[in-house]
Amino acid sequence: MGWEALGRWAEDAVRMERLSGGVANDVWSVRVRGRLAVGRLGARSDADLAWETALLQHLDREGLAVPVPIATMDGRLFADGLMVMTYVVGEPPETETDWRRVAETLRQVHRLTRGWPQRPGWRSSTDLLRAEAGTRIDLRAMPPDGVARCRAAWARLSGRPTCVVHGDPNPRNIRMTADRVALIDWDESHVDIPDLDLALPHNAAGLDAEAHDAAAQASAAWQAAVCWDDEYSRKRLAEVRAV
């Protein structure tokens, strides 16, 4: 149905401006019932979107700043691949102090989602030590040497407790104000080892040298696999040391 589905939120709902980000989606600012919001149109399944909207509602109830799903006129949180969410304002992190605030916010997400079920169809990094594919990752498309390097990086995190990870905490997906840190673009969130979120600038999460190296290698391997094969993914794979 495409963007025609936006009419399910309000008869006068309109798209305003295409937003950056959202590799797998078409993301726009929209106006719904007189207020600015964000619409994200993609090809994810209803089960996938139900998982994401439930997660965002949970984090919002727990007091974290996230985009909150806005329901359609008949009470649905998504329709025909479209989600509409509150518009989150703020600036990206710049200083070491900013990134330490980001690290604490990510750790709050991790604490609040222990035991959360896996996103439908997804695999964690350590699942991919045996599995070959899951949602946006297909290791069969990567060169065998690259797969071996990625799996070696993920194996360093094997056996640790899991939780929901944001999956892509780069500056474009963070909106800060003086009193809160908001995380946006949860399209790559899934259940995994929390360290994948914690390879941050300035080592803001305060990991020891071994833990930071393991997190950085595993994160680079994940980004290489999930984006394969483009220039960015090849750059990330080059950062993963040979076995």
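Just so you know, these numbers come straight off a predicted model, no measurement behind them.

J.: How should the packing of aromatic side chains be read in this particular structure?
T.: For any two aromatic rings, the description comes down to two numbers: the centre-to-centre distance and the angle of the planes. Inspection of the entire model under this criterion finds two aromatic pairs. Measuring from centroid to centroid gives 6.5 Å for tryptophan 122 and tryptophan 222, while their planes differ by 20 degrees, and the two rings are stacked. With tryptophan 122 in the loop between helix H2 (96–112) and strand S5 (133–134) and tryptophan 222 in helix H4 (residues 209–227), the pair connects residues that are 100 residues apart, well separated along the chain. Taken as a pair, tryptophan 122 and tryptophan 222 share a single burial class, namely buried.

J.: Would you mind going over the side chain of asparagine 25 with me for this structure?
T.: Position of asparagine 25 relative to the elements: it lies in the loop between strand S1 (14–18) and strand S2 (26–32). Under the relative-accessibility criterion, asparagine 25 is labelled buried at 14%. Polar side-chain contacts of asparagine 25 include one of 3.3 Å to the side chain of aspartate 187. Each residue touching asparagine 25, except ones within four places of it in the same chain, is listed here: Arg40, Leu41, Gly42 and Asp187.

J.: Is there a simple way to explain unusual backbone geometry in this structure?
T.: Keep in mind that most residues, glycine aside, have a negative phi and that most peptide bonds are trans. Following tryptophan 228, the chain continues into aspartate 229 via a peptide bond in cis, with omega recorded as 5 degrees. Along the chain, aspartate 229 falls in the loop between H4 and helix H5 (231–239). A positive phi angle, near 55 degrees, is found at aspartate 185, a position not held by glycine. Inspection of the secondary structure assignment puts aspartate 185 in the loop between strand S9 (181–183) and strand S10 (190–192). With phi around 65 degrees, histidine 202 is a residue other than glycine that occupies positive phi space.

Quick notes on the rules
Residues numbered from 1 in each chain as written. Predicted model: local features only at pLDDT ≥ 70, side-chain atom pairs only at ≥ 80, totals over all residues. Heavy atoms only, no water. Phe/Tyr/Trp six-rings, centres within 6.5 Å; stacked < 30°, edge-to-face > 60°. Helix = DSSP H or I, 4+ residues; strand = E, 2+ residues; numbered from the N terminus. Buried < 20%, exposed > 50% of the residue type's maximum accessible area, 1.4 Å probe, protein only. Polar contact = N/O pair within 3.5 Å; in protein donor to acceptor, adjacent residues only side chain to side chain. Contact = heavy atoms within 4.5 Å.

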